[in-house]
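What follows is each chain in one-letter form.
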Amino acid sequence: MERACLCAEACFKKKMKPTEERNQTGTPCRAEETKLAVIAVVVEQPESVRALNELLHVYSRFIIGRMGVPHRERGISLISVAMDAPADVISSLSGKIGRLSGVSAKVAYSKPLQQP
């Protein structure tokens, strides 16, 4: 697994690239393993799509890929977002998505790999 600093969210907000040597305050970062996860997103209000896309753009460096499936008959879109990021970054994005009007989100995390 890749490693990212524990301050990844704080560094990310200040548009700095976090490293294990230095974070946004200049103090050494503590390394944390990243997790693989999928955020399942249900969009019931098309007016929220612009705000959702802006959020996904902000977190794009952590996103491996995404797939959207529109259900035109019901006017709903189903979106899956695959991520490789520290758990706090994944939960932060999921929470922000879930606070959008007419949008819900749930996260599924991969199980840690067992070492033989």
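Counting from 1, residues in each chain are numbered in the order their sequence is written. For a predicted model such as this one, the threshold for reporting local features is a pLDDT of at least 70, and the threshold for listing and counting side-chain atom pairs is 80 or more; totals across whole chains, interfaces and linings nevertheless cover every residue. To get the side-chain values, take all heavy atoms of the structure and skip hydrogens and water.

### Some words on the sheet that holds strand β4 (residues 63-71)
To keep things clear, this is the line we draw: For two strands to be treated as a pair, DSSP must find at least two bridges joining them. For the purposes of this entry, the term helix denotes a DSSP run of H or I that reaches at least four residues, the term strand denotes a run of E that reaches at least two, and both are numbered from the N terminus. Note on geometry: axes are lines fitted to C-alpha atoms, helical ones only across the stretch in contact, with angles between N-to-C directions running from 0 to 180 degrees. Here a residue-residue contact requires only that any non-hydrogen atoms of the pair lie within 4.5 Å.
The antiparallel open sheet is built from 4 strands, whose spatial order is β4-β5-β3-β6. The open sheet has two edge strands with one neighbour each: β4 and β6 (103-109). Strand after strand, the sheet turns through a mean of 15 degrees between neighbouring axes, direction not considered. Both strand β3 (residues 35-43) and β6 contribute to a ladder of 7 bridges, which runs antiparallel. From the neighbouring strand, Val 38 faces β6, where its bridge partner is Ala 108. Where helix α3 (residues 87-98) meets the sheet, its contacts fall on β3, β5 (76-85) and β6, and the angle it forms with β6 comes to roughly 160 degrees.

### Quick notes on the nonpolar core
The test is simple: Remark: nonpolar core denotes a set of buried residues (Ala, Val, Leu, Ile, Met, Phe, Trp, Tyr, Cys) joined through side-chain atoms within 4.5 Å. Relative accessibility thresholds used throughout: buried, under 20% of the residue-type maximum; exposed, over 50%; partly exposed, between the two (1.4 Å probe, protein chains only).
If you look at the biggest cluster of nonpolar residues, it comprises 21 residues, and the most contacted ones within it are Val 41, Leu 52, Met 83, Leu 93 and Ile 97. Sorting the residues of this core by element identifies β3, α2 (49-58), β5, α3 and β6 as the ones contributing at least two each. Not counting chain neighbours up to four residues away, the residues in contact with Met 83 comprise Lys 35, Leu 36, Ala 37, Ile 39, Phe 62, Ile 63, Ile 64, Ile 90 and Leu 93.

### Overview of a nonpolar patch on the surface
Stated precisely, the cut-off is as follows: Exposure above 30% relative accessible area and no salt bridge define the residues that can form patches, which grow by joining like charges within 9 Å and nonpolar side chains of Val, Leu, Ile, Met, Phe, Trp and Tyr within 5 Å. Note on areas: Shrake-Rupley, 1.4 Å probe, and residue coverage restricted to the protein chains presented here. In the sections that follow, a salt bridge refers to a side-chain nitrogen of Lys or Arg positioned within 4 Å of a carboxyl oxygen of Asp or Glu.
Taken together, Met 67, Val 69 and Leu 78 make up a surface patch of nonpolar side chains, about 280 Å² in accessible area. Within the fold, Leu 78 resides in strand β5. Residue Leu 78 is classed as partly exposed on the basis of its relative accessible area, which comes to 44%.

### Observations regarding the pairing of β5
Across a regular strand the side chains alternate sides, sitting on one face of the sheet and then on the other. With 9 bridges connecting them, β3 and β5 associate as antiparallel partners. In the strand pairing of β5, Ala 40 is matched with Ser 80. Pairing of β4 with β5, which is carried by 8 bridges, proceeds in the antiparallel orientation. Among the inter-strand pairings, Val 69 is bridged to a residue of β5, identified as Leu 78. Two successive antiparallel strands, β4 and β5, enclose a turn made up of 4 residues, where Gly 75 displays a positive phi of approximately 70 degrees.

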